Amino acid sequence: NRRKEAAANKRPCCASLCTMQWKAILCCVDVGVLFVALCFERFPPEVVTLCALLVLWFAGVVQSKDALAGFSNSALITVTALFVVVEAAQKVSWLPRLVKRFFGQNTHPRWSVFKQMCFIGTLSAFLNNTPLVAFFTPIVKDWARSNGSPASKFLIPVSYAAILGGQLTIIGTSTTLVVQGLLAQSGLPLMGFFEPALLALPCCILGFLLQATVGYYLLPDHKGGLFRHAKEHASEFLTEMILNDDSKLLGQRIQLKLSNLFAGKAQAIKLLRAKNSTPDTDSLYTGDVFLHSDLPACDTTFKSPTSAISDLGSPNAVGGVRLRIASDRDQAAGVVPGDDDVLTSLEEARPQTEPETELLQLGGDVLNERAVKVAAREEENMYHIISPIPNEERFTAGDRLILAVRPEALLNAALETSGAKFVDLDVNELRGLMHQSYEVVLASDNPFVGRPAAVAFTEMCRKYECAVLALRRNGETITVGGSDSLTDLRLQTGDTVLVVGKATFFEDWMPSRDFYVISAIGEPRVPDNKWQYGTVVILVAMFVVGGGGIVPMDQVAMGAAALNVALGFMSSKEAIASIQWNLVILIGSSLGIGRAMEVSGLAKDIANLLAQSNLSPHGLLFLLYFVVLAMTEVVSNNSAAALTYPIAISVAKTLGLNAMPFVMAVVFAASCGFAVPIGYQCHLMVMGPGGYDFKDFVKIGVILDILCMGIVAGFAPVIWPF
């Protein structure tokens, strides 16, 4: 039989090493250097992988047909087309509302975790997990805040659910599609659309239950994102500079003067310039109705702001004024204060009580999203808001400048500055700042990744028209104003940055590949479009036709992408921009290197070495799973799959075994790495927003790694016998 013939053909271990051809030796060295380069992450992985392929191609180890075969592989074509289809589906405006309605109230936190993981895992079976995590991270974070729960209890489960759910079908992850393409390239039987679910379903059920029970208690509950940090520590790095009429700074350039005053250790966040000399009356409008505390039985309707001042006297003398009804301007803005909103002076509204469903948790203080909007609107009514501040902008009397600066730098500047005073931000000013703040996670495509933080932040302000407040990495937060920690720090993929930007920041930069995630207090509302339902119809049709085996998946995906563009659901420019070309190059190059390992004989030589280990087929399966898992924790999952697939197939052929258990080990081990956050984009996306550090992933991730290894390596030979 096959096993006896394979045993008869085995060569001694030393003989295998001595008879390695020069092509196999060069390929081994090339792959070794590639692995080291990927671990150090000094250069982008797609660049390193492409260079490794070029070395083998130019050296003659692999011919042009084999070297370039990966770029025409059906799996790569499917992955590329799915980027377009998923991008179109993500524009559906009603999906976030549907998600929050499904999540409901957080009355039972552990049940909420399980329910959310089931929902996200189901979607991940049909949508690529990376954009899915990017979509759900701000939604889940906002949902957790609105329910008074720490987001750190829910964001790691989002990443884990997307990864586990992606294993249910062959299109859930790009890794499975890569292996599917390699099977086709090797002439082996392909996986069925739902065939991986035979192993993935028990992994999902047990993984979700583990996260909702043990995992819930292992995750931190005292951490938050950068919004919370900014709220709690505002007095430590944020201050307001107010210019008097006799200030010596009048007429001087703001940016230049700040650089001289603070020796480069301060950053201007935004400038508030009064619209007129009587800002107090500017906050009152015709139609506003008030109830004076001294006259509890009398409603007072002001016909105009001027009559309000004359009727009530000085605004600063009014106390306990209760705002009852808002005018048309509030309703038009979508902000309607309630009966319990208290106006402590005519220039600022501070809601005191709100329905529980509208509360947002920000650093220990319960703030209302509506209050943030009210404060921002009042600020816009009273001041011209200039952010970012142009280099040519000059100081004028009455300017209020919000700065990010450390106390020690502020002390020296205060002694040298006359005609200006420095004060802490009040509640309304902080609310206004939060209204313009965005938490972004840097993507691998961001042009500032790898550059010194101090220099990169300055250039980021110009490109994105924003101001940088803070940086979070591995659970540690570094504020920008005057921090010496930024001097030797280089930006990395997955770093979370808090910025203050324009109202259109989300719309301007969310479609780009510079950021994985952009979140704000109260997610921006996407306008409804009746035609957007067409993208959902196309998506469902693609799953039915492709999943049913009626038409090959690569043809269905390409057809769905083309249909989205042809029907106007997205432009051709948007379709091209939605494709992650770095991933396309990475996958194509990895497939070429994998083919080089086969034709050079390296994969066969490694298989012969493993065959001499006297391990049982089950032992070899566990060993293969562990090796692939270790690789995927430190390098790209697609690279790990492409580099180990030839070895897995060669081991099966050498021992005369069924290759499918080894193929499944590669598929699951390459995708299901949970213990190390740096090995997977999904983990990097939630690390900063959740305030996690390295050990938070290790505590629950190791358990989940062992669980998946036991299920896959233990039951794969039962489903697909050796």
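This text goes with the structure placed above it.
This one's a predicted model, so the numbers in the text were calculated from it and none came from an experiment.

Asker: I would appreciate a short explanation of the overall build of the protein in the present structure.
Answerer: Within the protein one finds 34 helices and 17 strands. The buried share among the 722 residues of the protein stands at 56%. Contacts spanning at least 24 positions in sequence make up 79% of the contacts within the protein whose residues lie at least 6 apart. Looking at the protein as shown, the accessible area adds up to about 29,800 Å², and 60% of this sits on carbon and sulfur atoms.

Asker: Is there a simple way to explain the sheet that holds strand 15 (residues 476–479) in this structure?
Answerer: Sheet strands associate in pairs through backbone hydrogen bonding, adopting either a parallel or an antiparallel arrangement. Spatially, the five strands line up as an open sheet ordered 15-14-16-13-17, and their pairing is antiparallel. Two strands close off the open sheet at either side, each with one partner strand: strand 15 and strand 17 (515–519). If you compare each strand with its neighbour and ignore which way they point, the axes differ by 25° on average. The sheet contact formed by strand 13 (residues 437–442) and strand 17 spans four bridges and is antiparallel. The partner of V441 across the bridge, within strand 17, is V517. Where helix 23 (residues 453–464) meets the sheet, its contacts fall on strand 13, strand 14 (466–473), strand 16 (496–501) and strand 17, and the angle it forms with strand 14 comes to roughly 130°.

Asker: What am I meant to see in the sheet that holds strand 2 (residues 266–274) here?
Answerer: The five strands are arranged 10-2-11-1-12 in an open sheet whose pairing can be described as antiparallel. Bordering the open sheet on either side are strand 10 (383–386) and strand 12 (420–423), each of which pairs with just one other strand. Taking the axes of each pair of neighbouring strands and ignoring which way they run, one obtains an average angle of 25° across the sheet. Alignment of strand 2 against strand 11 (residues 400–405), held across six bridges, turns out to be antiparallel. Considered in strand 11, the bridge of L271 is made with L401.

Asker: In this structure, what is going on with the nonpolar core? I would like to understand it.
Answerer: One broad trend across soluble globular proteins is that nonpolar side chains are buried collectively. Counting residues in each nonpolar core, the largest one holds 147 residues, and the members touching the most others are F136, M542, Y625, F662 and F668. If you look at the next biggest cluster of nonpolar residues, it comprises 25 residues, including V440, L442, L489 and V499.

Asker: Teacher, can you tell me more about helix 34 (residues 694–719) here?
Answerer: Helical geometry: 3.6 residues make up each α-helical turn, so side chains three or four residues apart lie on a common side. Look at helix 34: 36 Å from first C-alpha to last across 26 residues, which is about the 38 Å you get at 1.5 Å a residue. Along its length, helix 34 reaches its greatest deviation from straightness, about 35°, at G701.

Asker: Before we go on, may I ask you to explain helix 25 (residues 533–547) in this structure?
Answerer: With 15 residues, helix 25 extends 21 Å between its outermost C-alpha atoms, agreeing within 8% with the 21 Å of an ideal straight helix rising 1.5 Å per residue. Turning to helix 25, its buried residues are G534, T535, I538, L539, M542, F543 and G546. Next to the buried residues of helix 25 lie helix 6 (74–89) and helix 26 (553–566). Positioned one or two residues after helix 25, G549 has a phi angle of 75°, which is positive.

Asker: What is the right way to look at the packing of aromatic side chains in this model?
Answerer: Each pair of aromatic rings is reported with the distance of its centres and the angle of its planes. Within the structure shown, the criterion is met by 17 aromatic pairs. Pairing F126 with F543 gives two aromatic rings, centres 4.9 Å apart and planes at 45°, and the pair type is tilted. Of this pair, F126 sits in the loop between helix 8 (109–124) and helix 9 (129–146) while F543 sits in helix 25, and the two are 417 residues apart along the sequence. On the basis of relative accessible area, F126 is assigned to the partly exposed category, the value being 24%. An aromatic cluster of at least three residues, connected via ring pairs, comprises Y438, F448, Y464, F505, W509 and F515. Lying over the aromatic face of Y216, K153 brings its terminal NZ or CZ to 4.6 Å of the ring centre.

Asker: Sorry if this is basic, but what is going on with the pattern of salt bridges here?
Answerer: Working definition: two side chains of opposite charge can pair if their charged atoms are close together. A full pass over the atoms with the stated rule returns eleven salt bridges. Among the ionic pairs, R595 bridges to D66, the shortest N-O distance being 3.3 Å. On the criterion of sequence distance, the pair formed by R595 in helix 28 (residues 581–599) and D66 in helix 5 (residues 64–67) is long-range, its members being 529 residues apart. Classification of D66 by relative accessible area gives buried; the value is 19%. A salt bridge links R451 to E459; the nearest nitrogen and oxygen atoms lie 2.8 Å apart. Connected through shared salt-bridge partners, D66, R595 and E598 make up one network.

What counts and how
- Residue positions are counted from 1 within each chain, in the order its sequence is given.
- Local features in this predicted model are restricted to residues of pLDDT 70 or higher, and side-chain atom pairs are both shown and tallied only at a pLDDT of 80 or more, whereas totals for entire chains, interfaces and linings draw on every residue.
- Side-chain measures were taken over the full set of non-hydrogen atoms in the model, leaving aside hydrogen atoms and water.
- Strands here are runs of E lasting at least two residues and helices are runs of H or I lasting at least four, both read from the DSSP assignment and numbered beginning at the N terminus.
- The rule is simple: take the accessible area with a 1.4 Å probe, protein chains only, and divide by the maximum for that residue type; under 20% is buried, over 50% is exposed, in between is partly exposed.
- Residue contacts follow a heavy-atom distance rule, with two residues in contact if any of their heavy atoms lie within 4.5 Å.
- Note that accessible areas follow from Shrake-Rupley with a 1.4 Å probe, and for residues the cover is restricted to the protein chains shown.
- In this analysis, strands are considered paired if DSSP registers two or more bridges between them.
- Axes, fitted as lines to C-alpha atoms, cover a helix only where it is in contact. Angles between the N-to-C directions of the axes lie from 0 to 180 degrees.
- Among the buried residues, those of types Ala, Val, Leu, Ile, Met, Phe, Trp, Tyr and Cys that are joined through side-chain atoms within 4.5 Å form a nonpolar core.
- Take the number of residues in a helix, subtract one, and multiply by 1.5 Å to get its expected span.
- Two axes enter the bend calculation: one fitted to the seven residues ending at the residue in question, the other to the seven starting there, and the bend is the angle between them.
- Classification of ring pairs uses Phe, Tyr and Trp, with its six-membered ring standing for Trp, and accepts pairs whose centres are within 6.5 Å; under 30 degrees between planes counts as stacked, over 60 as edge-to-face, and the remaining range as tilted.
- The criterion is that NZ of a Lys, or CZ of an Arg, lies within 6 Å of the ring centre and within 35 degrees of the ring normal, and then a charge sits over that ring.
- We count a salt bridge whenever a side-chain nitrogen from Lys or Arg sits within 4 Å of a carboxyl oxygen from Asp or Glu.

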